[in-house]
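# Structural overview
Each chain, letter by letter, is given below.
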Amino acid sequence: MHYAAISDSLSRPKGDAYAYKLRRRTISVDRSAPTPDVRLAGERTNGMSKRQELRTPRNGAPFSRRSLLAGAAAGATALSLGSRSRRVSATQGSNGEVNVLYLADQHDHFKTVAEAFTAETGIGVKYETLPSDYLSGQQLLTTRLVAGDTDLDVFWCDDFQSSMYGAAGWLEPLDPIVEEFGIQLDDYVPTLITDVSTWDGALYRLPWTAEPELIFYRTDYFEEAGVELPANWDEFVTVATALTNGSDRYGIGLCGQKAGTLGNEIQHWANQAGGAINALDTEGSKQAITFYKDLFTTHKVAPPSTPQEDYNTVLQGFLDGKYAVWWVWDVFFAAMTTDETFWKDQVSVMVPQMAGPQNAETSIGCWGWAINGFSGRKDQAKQWVEFTSRPEIMKHQMLRGNAPARTSLWADPEYQERAPQLSFMAQMIEGGESPFRARPVTPGIQEIYDAAEQNVHAFLTDQVDLDTAVAQAMEKIRPILERYSAD
Amino acid sequence: MSGSNSTFAADQTASRTVSRSHHRATARRLLLAYALVAPVVLWRLATSVYPFGYTAYLSFFDHNPMRRSHEYIGLDNYRTMINDPDVRNTITFTIFFTVVSVTLQVVLGLGIAQLLNQQFSLRGFVRAVNLLPWAMSAIVIGTAANWIFNYDYGLINDLIWRVSGFRPLWLTDVTNARFAVALTDVWKNTPLLAIIFLGGLQGIPAELSHAAKIDGAGRFRAFLSITIPQLMPLIISMAIFTAVYRVLTFDIVYALTAGGPGTATSLMSYLIYLQAFRVLNFGYASALAMGLFGMVLVVGVVGFMLLRRSWAKLD
Amino acid sequence: MTIPKAAALRRVSLVSSSVLFYAVITLFLVSILLPLYYTFMAAFTSGKQVYSKPLDYVPQSLGLERWKTIFDELPIWRYLLNTFLISSVSTVISLLICFMAAYSIARLRFPGANVVLIGLLISSMLPWVSSVVPLFEMYQDLHLLNTFQGLLVLYVSALLPFTTWLLVSFIKQLPVEIEEAARVDGANFVSLLWQIVLPMIFPAMATLFVINFIVNWNEFFTPLIFARGEGTKVITMALFDAQSIGGASQYYQNWGTMSAVAIVATIPIFAITLIFQRRITEGITAGAVK
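In this text the structure is predicted, and so the values were computed from the model without any measurement. (Residues numbered from 1 in each chain as written. Chains lettered and ligands numbered in written order. Predicted model: local features only at pLDDT ≥ 70, side-chain atom pairs only at ≥ 80, totals over all residues. Heavy atoms only, no water.)

## So, the interface of chain C and chain B
- Tallying the contact residues gives 104 residues for chain C and 101 residues for chain B.
- Both sides of the chain C and chain B interface together cover about 9600 Å² of buried area, and 76% of this is carbon and sulfur.
- Between the two partners, chain C and chain B, sit one salt bridge.
- The salt bridge involving lysine 53 of chain C is made with aspartate 152 of chain B; its shortest N-O contact spans 2.8 Å.
- Residue contributions to the side of chain C that touches chain B peak at 17 residues, all from helix α7 (residues 148-173) of chain C. (Contact = heavy atoms within 4.5 Å. Buried area = accessible area lost by both parts, 1.4 Å probe. Salt bridge = Lys/Arg side-chain N within 4 Å of Asp/Glu carboxyl O. Helix = DSSP H or I, 4+ residues; strand = E, 2+ residues; numbered from the N terminus.)

What follows is the structure in structure tokens.
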């Protein structure tokens, strides 16, 4: 019953139990229990699938105590490597262990968090680094999850993965933790909770960062060209043309390469025109895609190599002074303005953002913590999730240059120095109107992205015309949307 | 055969005695032979039987954890595969890429091996340098290649620009992208073939290589008619393995173009990765893997037959 | 004539002194070294900007902070040691068992020899992505995850088909007469293999040693999935970790740092190749046929 209350506050009109209707089978998920048991009808146990039933210990069960020997072994390992490396590989505690899969540590911020966690709970942190290459990370996670690896406890999870793995039933629902520890979900950016961390009414991931795409620009270039910030797309073309100077300086950097970057670009442009990446055949989407192509073919305010530029190469270009404007994830802004070799005073963020035909929104995404449903250390994992959700702990994100997921932290001037984008983000949500819109994530989002990118890219490189590209893309996308639409 | 009949019986007894010990020797030889191959065979079986069985089995199912499905659908996956436009898009390029890359690698590899077989100072150094492209990790080369073909900051465009003032677009044009991908692949992998062929050149018997030491135009013909047939088993073996590897991997190509522009450089092996790890469609991914397996099996069997013929020619 | 002199005569060719020859060698060296220089150049720039337009071929600084960072942040020596250990052990095992099997297939003509060869080839025809999950589950059951032995099994296994096939071809190239002569002289089987065949095939073995070692050294996905524990960290993992040193995120890589680690990873390989390449041409020649 209390679950219905939580689901109401998340504004999802769901009941206590619902059935998915799949092509040929029906399974039912009873979510009225605080710790749902998910059983697949007719699940095979022929040794092919190592799936265990999702089971969680009752609340209040004592932590399993590890022997001192295991703790000492972990400590010894840490010491032998610690003598050569500053990176934290483990903190040892006497209350058990938790395996955390996270990015490589920046500026020791993770080390601080892990040590504080162990100091408070006595649970040791075994830290494994996630490969920064998305494909490899994906392969690693999928393999371990599909095989029901009990050794993986908490991992760093993005928008796409939370719905994908959540729908597969491999993630532990986090609603009980929210409820038990009274985590204030309304402090988080709402769309990050409801749209990209939740699937079918269950919260699978607690965001730790809030990463909007911001339009940042070179203030010195704008001054030099004597132009003001554009208010809409038409003004933008004029401004960008004024800023463009042959092939040494372009008005805007566009990341048109496939493998994720083009998809993000399509989404944020199409969204401003009332479309979306999974609705490419709408007028808004088509208008946006045409506009995008025009930027580098007709107006020439972006380089002709746009279809092969990704975040790395455009970053390089921006550092080289090649671009006046870049509409990209906030973390790039932080990387530029907090590093001494970059410029603090020459780069700024457009607030308010320029508007498309329909709105002035921009995309927001996040990464956060998800718990492996097969983990053998769920209690410790839950403690970790709760611990990291605290505002004072979340602040450590700023050491990394990321904005924290809690909006109440954005206005803190002390931390705006570490993550300069915060001041702009705080401005953007002033007055309650948030320009942040999450990407339309469903479990099939990867397939949708691939289909969209493939075809739009073919259009951008003059291989097909727009209507063919859109038609081919939607042919693949429509069945996926049907398959994963919420009942 | 002796012509005398009187010794026939004696011959019979003698031959029976000979054949009994011959049998024992043969049995021992066979036992030895099997014992020698056993480690390799068992080791390999241990790590490939289960994956093969698993994949083949799963290819007949619709197994997708995201959709919570796991049911037997017979040949449906295979039917989908044949009608899948993505498969059709990639199959041409996969074949084209394999044929072009393998041919270039074999030809260049032979040339380089011959070059490195000559006597000259710094030969050791050049041989070690030769192996470097192949000896570097694929992720490094993939990222490096991405930069090398970059429009503004790439090595290739910089050199071309210094000479002609022009910067071509490498990865946004279909033909250029395919060329870039093939070039990178050949650059990275030819050293392996070169060093194998070099090893093979060492094994050519003296009297045959003396014959190759002819002046003038005869040398090239000698190379073709003497050296090549000697190396043929190696050439065929390497061609087979190189072709199989081309069909089954996508990392370098993907790092360079992500399969673009559009789908111009998309490989079938990437589809398997996509279906398995990004879409969790394990049943279909397994069917794709089996399909790919069928393709390379043909290559392997044909190659093997050619190999046996080349062995026969050696003897 | 003594054997070394015959060998020398065998290899001297008029073309080796011509200008054309050296031009070709130079072109060859440039085509390899220039892209590599460009790749490694990134390790020596300072800050995040690794390239300029037009390209600056001479690095402005040595980028020493970057080197200090990677050696500080990552246990590089441990990685190198682990990698060296596992590569050498796998290579030795692989060469040993493949040599035995290859000799058997090439010379002992037993029924099923062809089956073994084709079988080995077929076993390598399943794409890696399809084998990962079943192997991972297998390793889970056998408790081989994150162990040295587990990694060793996979490392050796990966190269068995290739090595065996090549050794079969190399052995077939050897003239049978020498072995037959040795047999007539009364050599038993072990000494036949060890003292007669192995020395003759030494160039091939040296070549395959280098190849196996390098492949094992660069193994990347296998340790990523099967052994990321502390005791089995290999140098390719450092490449990953290096990508994210120094203020990168999921969205972009620090190419400068990655390039620096790549240099560290390549130097041992280059050294090994240099040492072994001489072995490739040494070895008792077939001119010893009586």
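## A word on the environment of leucine 422 of chain A
- By the element assignment, leucine 422 of chain A lies in helix α18 (residues 421-428).
- For leucine 422 of chain A, the residues in contact, after removing those within four places along its chain, are Met398, Ala403, Pro404, Leu409, Trp410, Tyr415 and Gln416 of chain A.

## Considerations on the environment of leucine 183 of chain B
- Considering the arrangement of structural elements, one finds leucine 183 of chain B in helix α7 (residues 174-202).
- With 58 residues separating them in the primary sequence, leucine 183 of chain B and phenylalanine 125 of chain B have C-alpha atoms 24 Å apart.

## A word on unusual backbone geometry
- Proline 352 of chain A follows valine 351 of chain A through a cis peptide bond whose omega is -5°.
- Here proline 352 of chain A shows up in the loop between β13 (347-349) and β14 (362-365).
- Proline 54 of chain C follows lysine 53 of chain C through a cis peptide bond whose omega is -5°.
- Within the secondary structure, proline 54 of chain C sits in the loop between α2 (19-41) and α3 (64-73).
- Of note, the phi angle at alanine 258 of chain B is positive, near 55°, even though the residue is not glycine.
- Among the structural elements, alanine 258 of chain B can be located in the loop between α10 (251-257) and α11 (268-278).
- For leucine 280 of chain B, which is not a glycine, the phi torsion comes out positive at approximately 60°.

## Here we look at the pattern of salt bridges
- Inspection of every chain in the model, using the stated rule, returns 29 salt bridges over all chains.
- The shortest N-O distance in the salt bridge between aspartate 159 of chain A and arginine 205 of chain A comes to 2.9 Å. Of the two residues, aspartate 159 of chain A is situated in helix α5 (residues 159-167) and arginine 205 of chain A in the loop between β8 (202-203) and β9 (206-207); the sequence distance between them amounts to 46 residues. The same class applies to aspartate 159 of chain A as to arginine 205 of chain A, namely buried.
- Among the charged side chains, a network of salt bridges with common partners joins Glu128, Arg144 and Asp149 of chain A together with Arg228 of chain C. (Buried < 20%, exposed > 50% of the residue type's maximum accessible area, 1.4 Å probe, protein only.)

## Observations regarding the nonpolar core
- Counting residues in hydrophobic clusters, the biggest one holds 345 residues, and the most contacted among them are Phe216, Trp269, Trp326 and Phe332 of chain A.
- In this view, phenylalanine 216 of chain A contacts Phe318, Ala324, Val325, Trp326, Val328, Trp329, Phe332, Phe333, Met336, Val347, Ser348 and Val349 of chain A; residues no more than four positions away in its chain are not counted. (Core = buried A, V, L, I, M, F, W, Y, C linked by side-chain atoms within 4.5 Å.)

## A few points about the interface of chain C and chain A
- The interface of chain C with chain A comprises 42 residues on the first partner and 46 residues on the second.
- For the pairing of chain C and chain A, the buried interface totals around 4000 Å² over both sides, and the portion due to carbon and sulfur atoms is 52%.
- Joining chain C to chain A, the criterion identifies one salt bridge.
- Residues glutamate 128 of chain A and arginine 228 of chain C are paired through a salt bridge, measuring 3.0 Å at the closest nitrogen-oxygen approach.
- The interface formed by chain C and chain A holds five residue pairs in polar contact (both at pLDDT 80 or more) in total.
- Here the element with the most residues in the side of chain C that touches chain A is helix α6 (residues 128-142) of chain C; it accounts for eight residues.
- The class makeup of the residues in the side of chain C that touches chain A is 20 nonpolar, 11 polar and 11 charged. (Polar contact = N/O pair within 3.5 Å; in protein donor to acceptor, adjacent residues only side chain to side chain. Nonpolar A, V, L, I, M, F, W, Y, C, P; charged D, E, K, R; others polar.)

## Overview of the domain arrangement of chain B
Residues and elements named next belong to chain B.
- Here chain B is partitioned into domain 1 (2-58) and domain 2 (84-314).
- Taken together, the contact pairs four residues of domain 1 with six residues of domain 2.
- It is Phe52, Thr55 and Leu58 in domain 1 that bury the most area against domain 2; as a group they hold 88% of the surface buried on that side.
- The interface formed by domain 1 and domain 2 holds zero salt bridges in total. (Domains from an automatic or database assignment.)

## Notes on the packing of helix α4 (residues 123-135) of chain B against helix α10 (residues 202-218) of chain C
- Where α4 of chain B contacts α10 of chain C, the axes come no closer than 11 Å and their chain directions differ by 35°. Judged by the twist between their axes, the crossing of α4 of chain B over α10 of chain C is right-handed. Together, Leu131, Trp134 and Ala135 of chain B of α4 of chain B and Val210, Ile211, Ile214, Val215 and Asn218 of chain C of α10 of chain C make up the contact between the two elements.
- Considered class by class, the residues forming the contact of α4 of chain B with α10 of chain C number seven nonpolar, one polar and no charged. (Axes fitted to C-alpha atoms, helices over the stretch in contact; angles between N-to-C directions. Left-handed = near helix turned anticlockwise from the far one by under 90°.)

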